[in-house]
Amino acid sequence: MEPLLYLLLAGGAVLALVVRNYIAGRYLRRVRGPASPSWLMGHTEVINAQFQVGQLQREWLKEYGLIWRLKSCLNEDTLEIADPKALQYIFHKSGYHFSKGPVARQFSREITGPGILFAEGQDHVRIRKIMNPAFTASQLRSFLPLFRASAHKLGQKWKELLLSNEAETSVQRINVTAWLARCTLDVIGEVGFDVQCGALDDSLNPVMHAYKNMFADAIPFPSRMTVLFRHFWRYIPMPILSFVQYIPTKEHIRFRSTLKVINNFAKDLIKEKTEAVLAGKNENKRDIMSILVKANASENPKSRLSDSEMISQMATFLLAGHETTANSMTWMLYELARHPEYQSKMREEVRAIRARVAERGDSEFSVSDLDSMTYVLAAMKEVLRLHPIVYTLLRQSTRDDVLPLSAPVTLATGEVVDELPIPKGTNCTISIWAYNRLPQIWGPDADEFNPTRWIEHEKLGQTYVGVTSNLMTFSAGLQACIGWRFSIIEMQAILVELIEQFEFTIPEDKPTIISFPAGLVAPLVAEDMQAGPQMPLAVSIAQ
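Keep in mind the model is a prediction, meaning the values are calculated, not measured.

A.B. asks: Quick rundown of unusual backbone geometry? Include the residues and the values.
C.D. replies: Keep in mind that most residues, glycine aside, have a negative phi and that most peptide bonds are trans. One non-glycine residue, S469, adopts positive backbone phi at about 55 degrees. Following the sequence through the fold, S469 ends up in the loop between helix 22 (452-456) and helix 23 (484-501). For S469, a relative accessible area of 18% puts it in the buried group. Unlike most non-glycine residues, S475 shows phi in positive territory, near 65 degrees. Position of S475 relative to the elements: it lies in the loop between helix 22 and helix 23.

A.B. asks: If you had to explain the nonpolar core to someone new, which residues and values would you point to?
C.D. replies: Ranked by size, the top nonpolar core spans 155 residues in total, and within it I81, W158 and F504 carry the most contacts. Top contributing element to this core by residue count: helix 16 (residues 307-338), with 15 residues. With residues up to four places along the chain from it excluded, the contact list for W158 reads I174, V176, W179, L333, L498, F502, F504 and V539. F118, W233, L241 and V244 belong to the second largest nonpolar core, which has five residues in total.

A.B. asks: Before we move on, can you summarise the pairing of strand 11 (residues 520-525) with the specific residues and values?
C.D. replies: Judged by how many residues are buried, strand 11 sits mostly within the fold: six of six residues are covered. Going residue by residue along strand 11, you find L520, A522 and L524 tucked away on one face and V521, P523 and V525 tucked away on the opposite face as well. Counted along the chain from strand 10 (residues 513-518) to the antiparallel partner strand 11, the turn is one residue long, and its residue G519 has a positive phi close to 80 degrees.

A.B. asks: Describe in detail helix 3 (residues 55-64), supporting the description with residues and values.
C.D. replies: Residues of helix 3 that are buried include every one of L56, Q57, W60, L61 and Y64, and no others. For helix 3, the angular spread of buried residues about the axis comes to 130 degrees, placing them on one side. In the core, the buried residues of helix 3 are packed alongside helix 2 (44-48), strand 1 (67-71), strand 2 (77-81), strand 8 (427-431) and helix 20 (432-435). In the stretch just after helix 3, G65 is the one whose phi turns positive, near 95 degrees.

A.B. asks: How would you summarise the sheet that holds strand 9 (residues 502-505) if you had to cite specific residues and measurements?
C.D. replies: Spatially, 4-12-9 is the arrangement adopted by the three strands of the open sheet, whose pairing is antiparallel. The open sheet has two free edges, formed respectively by strand 4 (172-175) and strand 9, since each of these has just one partner strand. This sheet shows a mean twist of 40 degrees between the axes of neighbouring strands, independent of strand direction. Across four bridges, strand 9 lies against strand 12 (residues 536-541) in antiparallel orientation. Each bridged residue has a counterpart across the sheet, and for E503 the counterpart in strand 12 is S540.

A.B. asks: Could you give an account of the side chain of S540, with specific residues and numbers?
C.D. replies: Relative to the assigned elements, S540 resides in strand 12. Looking at S540, the relative accessible area reads 14%, which means it is buried. Not counting the four nearest positions on each side in its chain, S540 is found in contact with L162, S170, V171, Q501, F502 and E503.

A.B. asks: Let's hear about the packing of helix 17 (residues 340-359) against helix 23: which residues, and what values?
C.D. replies: Helix 23 packs onto helix 17 with a crossing angle of 105 degrees between their chain directions and a minimal axis gap of 9 Å. By the angle between their directions, the pair helix 17 and helix 23 is classed as roughly perpendicular. Every residue of helix 23 that contacts helix 17 at Q343, M346, R347, V350, R351 and R354 is listed here: L495, V496, I499 and E500.

The rules we used
- Residues numbered from 1 in each chain as written.
- Predicted model: local features only at pLDDT ≥ 70, side-chain atom pairs only at ≥ 80, totals over all residues.
- Heavy atoms only, no water.
- Helix = DSSP H or I, 4+ residues; strand = E, 2+ residues; numbered from the N terminus.
- Buried < 20%, exposed > 50% of the residue type's maximum accessible area, 1.4 Å probe, protein only.
- Core = buried A, V, L, I, M, F, W, Y, C linked by side-chain atoms within 4.5 Å.
- Contact = heavy atoms within 4.5 Å.
- Pairing = 2+ DSSP bridges.
- Arc of directions from axis to C-beta.
- Axes fitted to C-alpha atoms, helices over the stretch in contact; angles between N-to-C directions.
- Parallel < 35°, antiparallel > 145°, perpendicular 65-115°, else oblique.

In structure tokens form, the structure reads like this:
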């Protein structure tokens, strides 16, 4: 009798769970959205088949408003969200009640290890507390000379290329993506770890080689079986889920090999810095890893970072401080090449402030000088808005909740609501791309490059969401990018150096540039996609 009783109890529990989820999700099913092309795969395959970031989101935003329902595998309801008030609630007001979800966390763990990108809740609080001293305003200002040095070296390399005897013309076609990646790797090597990567000096750098095209090689076009397998990750405990990295598919193989290179690079360096700190040496070292080691050593032993967590922070610095900044700068130069009039205004502004700096007897720009460059800052904000390198985030509700909405939504029943109840476990796709292009916030020309919007308006948007300028580009709230100020100052230093010395135009053959969704936005040339991420621009010495 007992086996039958257990079977009835188990069946009753499953039935109760199904009924509970059905009732809890009744509002979710009323949210409008595009018809699902497949019960088995939902919208996953059409989304994964995109060659251009935002291609589908643009249509759905126009058709359904700021929030819409999609189907995941096995006909599961999910939400895609661009509504400012809903995003403010998810990222600011709800604390950690919208988790990153198992798929996002596992990818973070495979790419950077068990660090801040993987951590949730109190682990995230603990790691961020130890990292904070490395990202204070005064600390970031002290990095500016190192930013300038790498930017200056990049400028020198380009000048040598343009003025060499082999150059047949004063204008050269340069793949700026590759050069900027080398520059930012040198920056993060010195600023992050006090090591010379030598990427701009053509040194054979294993880190550079490991990261090259990693996302474009591993992320796009997952197989149907891969997508279905990931759908069930939520039912696997995170410690066990870590073993999926050993499955011999292209993404796991690539991520594992890259992280192995980074870990090997990191272990000896961290050991050396830790021993120096414990011995009272290197007190004047101000690189990020030295500061992190000091902060960790002074923590209560129970809250210190483990060795694997320390190594993971290094991988995070390398990825965030190198790949994302290089890509943002790539799109910056592309937009300036497309808008030569604005590029000229920026150059005039930089040279005018350069003259002012010389008048006071200085030879280099300070952070205050960079912050006074109105046209430069406006262009940077506009590129960060128009080309967010991380274009989407995944979140999962950890409780039954209610999303407030900034604009009323008409449900499939015809009912108009200004808030949306969602059940525990609802998967939410945060469309940073869509939010950053909302006409309601940025104006009717939100799809266009128009930096003057930042000059003409002191504030854009009624509901504040992002960490800077109301942009979601660096995420928001408790789990926003800790290094966003670092990235801004680094971009300022590199951009000012390059725009003062060089002129950028679109090459004569006018290649078609695609914003390819590869985990991070990657620039591809439509006519030469097999070459991988690249941004060819015509570069000449500015007059």
